[in-house]
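Structural overview for review
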Amino acid sequence: MSAATAFPAYQSLDAMDLTSINTIRTLAMDGVQAANSGHPGTPMAMAAVAYSLWQKFLRFDPQDPVWPNRDRFVLSMGHASMLLYSLLHLTEVRAVSKDYETLGEVSVPLDSIKSFRQLDSRCPGHPEYRWTSGVETTTGPLGQGVATSVGMASARQWLAARYHRPRFENLFDFNVYAMCGDGCMMEGISHEAASIAGHLRLSNLCWIYDNNHITIEGNTSLALSDDVAIRFIGYGWNVTRVGDANDLEMLGRAFRTFQNSKDRPTLIIVDSHIGYGAPNKQDTSGAHGEPLGEDEVRLAKRNYGWPEDKKFYVPDGVYDHFRQGIGRRGKQLRDDWFAQIGQYRKQYPDLAEELFRMQHRQLPEGWDHDLPEFPADPKGLATRDSSAKVLNSAAKNIPWLIGGAADLAPSTKTRLTFEEAGDFSAENYAGRNFHFGIREHAMGAIVNGMSLVKVRPFGSGFFTFVDYMRGSLRLSALMELPVIYVFTHDSIGLGEDGPTHQPIEQLAHMRSTPGLIVLRPADANEVREAWKIILQLHHEPAVLVLSRQSVPTIDREKYARASGLSRGAYTLADTPGADPEVILIGTGSEVSLCLQAYEQLTKEGVRTRVVSMPSWEMFDDQDENYRESVLPPHVKARVSVEQASDFGWSKYTGRRGHNIGIETFGASAPLKQLLKKFGFSVETVVAAAKSQIARHGSTK
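Residues numbered from 1 in each chain as written. Predicted model: local features only at pLDDT ≥ 70, side-chain atom pairs only at ≥ 80, totals over all residues. Heavy atoms only, no water.

Once that is clear, we can look at the overall build of the chain. Scanning the chain for helices and strands turns up 25 helices and 22 strands. Projected onto its principal axes, the C-alpha coordinates of the chain cover approximately 95 × 60 × 45 Å. Here the chain holds 700 residues, and 62% of them are scored as buried. As displayed, the chain offers around 26300 Å² of accessible surface, 49% of which is attributable to carbon and sulfur atoms. The centroid of the 73 positive side-chain charges in the chain is displaced by 3 Å from the centroid of its 82 negative side-chain charges. (Helix = DSSP H or I, 4+ residues; strand = E, 2+ residues; numbered from the N terminus. Buried < 20%, exposed > 50% of the residue type's maximum accessible area, 1.4 Å probe, protein only. Areas by Shrake-Rupley, 256 points an atom, 1.4 Å probe, with all protein chains shown as cover. Lys, Arg positive; Asp, Glu negative; His and termini not counted. Charge placed at Lys NZ, Arg CZ, Asp CG, Glu CD.)

Below, the structure written as structure tokens:
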């Protein structure tokens with residue numbers, strides 16, 4: 001029995017369309033079955049949708065999958081990764097090096113599909129950015145993909161507003177498509193992201209919702225009764241529906257409806273059957289999170305009119321069919337764009353140079369020439385305030401440095417205040433101040449999406465609320481994106497707001513994240529040096545942790561220069577001419593406390609060293625000789641001082657060192673009372689230093 005006979009919706013399909021769709025399906029089924037692990041049902045259900053988009057609408061050149069004006073396709077339901085891998089293979093997407101050079105080899109060879117989910121395969125369990133060319137963003141945690149797509153779409157609107165000129169009105173006109181499922185729709189981050197996308201009227205954004213009513217536990221009626229269409233209409237989206245996921249005519253009409261919508265994002269609801277064609281598992285959770293089984297695979301292939309015992313079979317003509325569709329169209333669009341950018345460079349050389357530097361993650365010449373320096377001041381200022389001054393100075397010289405806060409810019413001091421900065425909005429996409437609203441989790445994903453388009457984004461909030469955005473921040477590190485996170489109110493130093501707002505364990509959380517740079521500067525000049533480091537990062541996200549309360553601006557004529565921050569930790573104060581008897585190590589506002597203790601100990605004849613350690617990660621990255629010059633191994637008497645959990649500090653103070661930290665949550669009280677309650681005083685530090693010397697013995 002032919003597929004057209006078995007499935008009436010296929011009656012109108014062109015033969016090569018049908019063959020290509022079923023090739024996508026069967027490659028996905030075979031890959032999952034060979035791995036004995038994975039999710040076959042969604043690729044089987046959505047193959048025709050993905051085929052229609054890629055072959056007939058997507059502006060994407062498989063030969064150059066990183067050209068800047070390509071459409072972006074995000075598979076938000078990352079568990080359906082074999083759908084994307086099949087497309088990348090059949091369209092012969094080329095691999096790209098870490099320097100964005102297109103290589104001769106294909107990104108996903110057939111052998112990689114055969115080794116799906118196996119070690120070092122180009123086809124890991126979920127799509128991974130940087131690992132597989134053609135994957136626009138890492139997806140897997142549900143909802144992250146759709147939220148990231150909002151950042152991509154926002155960045156395109158900003159690029160167009162800044163760089164379009166007469167005769168160059170379509171320099172940046174790419175669309176962003178995100179395919180999602182019931183899981184994405186249930187996750188809270190999708191609500192946050194959809195809300196702001198509607199508010200910003202991102203007409204270049206299209207979400208494709210696979211409405212198959214199945215999750216791992218069974219039918220979605222177990223936990224979901226939302227009217228998704230009404231919900232998105234309420235967000236201000238255009239909503240259209242395709243009643244049959246295999247109807248290419250209806251799908252084409254839906255995609256054209258999106259492309260013709262100029263005032264709002266679009267949601268296409270697609271009714272599908274998970275495990276389509278599998279006679280015993282279609283429309284069941286058994287097609288979701290496990291292989292179909294050899295017998296069921298054969299039966300499904302029989303229903304498709306497919307050779308039942310052929311595995312990883314690509315019929316003659318399929319590769320060429322894709323070459324003549326997306327391949328030919330994408331190459332022409334790509335070539336036209338590069339011809340256009342060549343003309344643009346002649347007419348607008350300065351703007352073209354900006355674009356080149358942005359796309360290559362380079363900074364403008366002289367970007368740091370007027371960063372402020374801060375004179376010594378015992379009263380000082382909050383590091384959030386000095387950060388505001390440095391950020392605004394840098395942003396004036398780096399036009400693509402853009403961002404904002406989760407409704408907290410007046411508190412985090414992250415507003416760009418120079419005249420031409422402006423607010424990003426549906427009325428002014430050229431603005432550089434983003435208002436994310438009270439949506440921390442979506443903010444993290446949105447700045448990831450912006451970074452993927454190569455602008456330099458930052459997001460900010462209170463440090464304790466980093467817990468609301470851990471998933472997004474973790475993906476920043478996993479994808480090696482140089483996103484900037486500015487977190488203020490870094491300790492019990494914010495006082496009366498109390499324990500709900502006082503971060504205790506958050507520093508330990510951040511420091512435990514691989515690939516994440518955490519900086520907690522001690523004063524205004526360390527803030528300046530921190531921004532200099534952060535803005536030159538290419539592959540690491542950075543977390544800048546800042547104080548609400550004023551901290552002294554350290555006298556750099558008396559103590560070491562703040563440039564030592566570039567090595568993560570440095571000797572700030574030392575007894576000259578002799579080894580220290582004790583080392584005091586501090587971060588942030590506690591460094592000034594260590595200096596006060598140092599002065600008292602020095603008066604008493606105790607040889608003392610103070611180490612400012614704003615970044616564990618940067619210090620650990622130094623060579624052993626430098627690390628030992630700062631923390632000599634033979635000096636065992638060590639004290640760390642930080643208004644946070646002391647988890648991890650024994651790495652630097654040793655098993656028998658003393659760590660002054662906080663072992664409970666905070667409390668609501670004025671700052672001076674809190675410092676006394678939790679033991680952050682000169683007397684406490686001095687006593688701990690003397691106790692350490694007594695315990696370990698004085699060095700000679």
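Having seen the model, we can carry on.
Sheets are built from strands paired through backbone hydrogen bonds, the pairs being either parallel or antiparallel. On the basis of which strands lie adjacent, the open sheet formed by six strands has the order β12-β11-β13-β14-β16-β15 and parallel pairing. Only two strands of the sheet have a single neighbouring strand rather than two, namely β12 (433-435) and β15 (517-519). Ignoring strand direction, the axes of neighbouring strands in this sheet form an average angle of 20°. In the sheet, strand β13 (residues 456-462) pairs with strand β14 (residues 484-488) via five bridges, with the strands oriented parallel. Bridging from a neighbouring strand, F458 pairs with I484 of β14. (Pairing = 2+ DSSP bridges. Axes fitted to C-alpha atoms, helices over the stretch in contact; angles between N-to-C directions.)

All right, on to the packing of aromatic side chains then. A full pass over the atoms with the stated rule returns 32 aromatic pairs. On the numbers, 5.5 Å between centres and 55° between planes, the contact of W54 with F60 is tilted. For W54, a relative accessible area of 2% gives the class buried. Residues F232 and W237 carry aromatic rings whose centres are separated by 5.0 Å and whose planes lie at 90° to one another, so their mutual orientation is edge-to-face. Among the residues examined, F232 registers a relative accessible area of 0% and is labelled buried. Using a relative accessible area of 2% as the deciding quantity, one classes W237 as buried. Joined through ring pairs, the aromatic side chains of W616, F619, Y626, W649 and Y652 make up one cluster. (Phe/Tyr/Trp six-rings, centres within 6.5 Å; stacked < 30°, edge-to-face > 60°.)

Attention now goes to the environment of N36. Locating N36 in the fold gives a position in the loop between α2 (15-35) and α3 (41-56). Residue classification places N36 among the exposed positions, given a relative accessible area of 59%. Counting along the chain gives 313 residues from N36 to P349, while the straight-line C-alpha distance between them is 55 Å.

Counted according to the given criterion, the structure contains 40 salt bridges. One salt bridge connects D30 with K301, and the closest N-O pair in it is separated by 2.9 Å. Taken together, the residues span a long stretch of sequence, with D30 in helix α2 and K301 in helix α11 (residues 294-303) at a distance of 271 residues. Across the pair, K301 and D30 agree in class, each one buried. Close ionic contact of R567 with D623 constitutes a salt bridge, the shortest N to O distance being 3.9 Å. With R567 in the loop between β17 (550-553) and β18 (570-574) and D623 in the loop between α21 (616-620) and α22 (624-630), the pair connects residues that are 56 residues apart, well separated along the chain. Connected through salt bridges with shared partners, the residues D64, K331, R334 and D335 form a single ionic network. (Salt bridge = Lys/Arg side-chain N within 4 Å of Asp/Glu carboxyl O.)

Attention now goes to the layout of surface pockets. Approximately 1100 Å³ is the volume found for the largest pocket. In terms of lining residues, the largest pocket is bounded by 42 residues, among which V66, V96, D99, Y100 and K454 are the most central. Mapped onto the lining of the largest pocket, the elements with two or more residues apiece are β2 (94-96), β3 (102-106), α12 (318-347) and α13 (349-359). For the lining of the largest pocket, the class distribution of residues is 19 nonpolar, 10 polar and 13 charged. Quantified by volume, the second largest pocket comes out at close to 310 Å³. In terms of lining, the second largest pocket is formed by 15 residues, of which the most central are S589, S592, Q596, L671 and L675. Those elements giving two or more residues to the lining of the second largest pocket turn out to be β17, α20 (590-603) and α24 (671-678). A per-element tally of the lining of the second largest pocket places α20 first, with four residues. Tallied by class, residues from the lining of the second largest pocket come to seven nonpolar, six polar and two charged. (1 Å grid on protein atoms, 1.4 Å probe; cavity = no way out; pocket = protein on both sides within 12 Å on 5 of 7 lines; lining within 4 Å. Points joined across faces, edges and corners; volume = space filled by probe spheres on them. Nonpolar A, V, L, I, M, F, W, Y, C, P; charged D, E, K, R; others polar.)

Attention shifts here to the pairing of β13. Within a regular strand, side chains alternate between the sheet's two faces. In terms of burial, β13 is a largely internal element, seven of the seven residues being buried. Looking at chain direction, strand β11 (residues 401-405) and β13 are connected through five bridges and run parallel. The partner of A405 across the bridge, within β13, is S460.

Ranked by size, the top nonpolar core spans 111 residues in total, and within it Y163, W207 and Y344 carry the most contacts. Here this core takes nine residues from helix α6 (residues 144-163), the largest share from any one element. Residue contacts for Y163: discarding those within four places in its chain leaves W158, L171, F172, Y344, L351, E354, L355, M358 and W400. Counting residues in each nonpolar core, the second largest holds 55 residues, with L13, F73, M179 and L248 among its members. (Core = buried A, V, L, I, M, F, W, Y, C linked by side-chain atoms within 4.5 Å. Contact = heavy atoms within 4.5 Å.)

As a further point, take α12. Here α12 is 30 residues long and its end C-alpha atoms lie 43 Å apart, about the 44 Å a rise of 1.5 Å per residue gives. The principal kink in α12, of about 35°, is found at G327. (Expected span 1.5 Å × (residues − 1). Bend = angle between axes of the 7 residues up to and from the residue.)

A separate point is the sheet that holds β18. The five strands are arranged β18-β20-β19-β21-β22 in an open sheet whose pairing can be described as mixed. Each edge of the open sheet is held by one strand with a lone partner, namely β18 and β22 (658-660). The mean inter-strand angle of the sheet, taken between neighbouring strand axes irrespective of direction, is 20°.

Counted under the stated rule, the structure contains three cavities of 30 Å³ or more. The computed volume of the largest cavity comes to approximately 90 Å³. Surrounding the largest cavity, M358, R361, Q362, L363, W400, K454, V455, R456, P482, L535, L537 and H538 form its lining. Of the residues in the lining of the largest cavity, the class split is seven nonpolar, two polar and three charged. For the second largest cavity, the calculated volume is near 50 Å³. Forming the boundary of the second largest cavity are F73, V74, L75, L84, P127, G134, V135, E136, T137 and T139. The element contributing the most residues to the lining of the second largest cavity is strand β1 (residues 72-75), with three residues. Each residue belonging to the lining of the second largest cavity can be placed in one class, and the counts come to six nonpolar, three polar and one charged.

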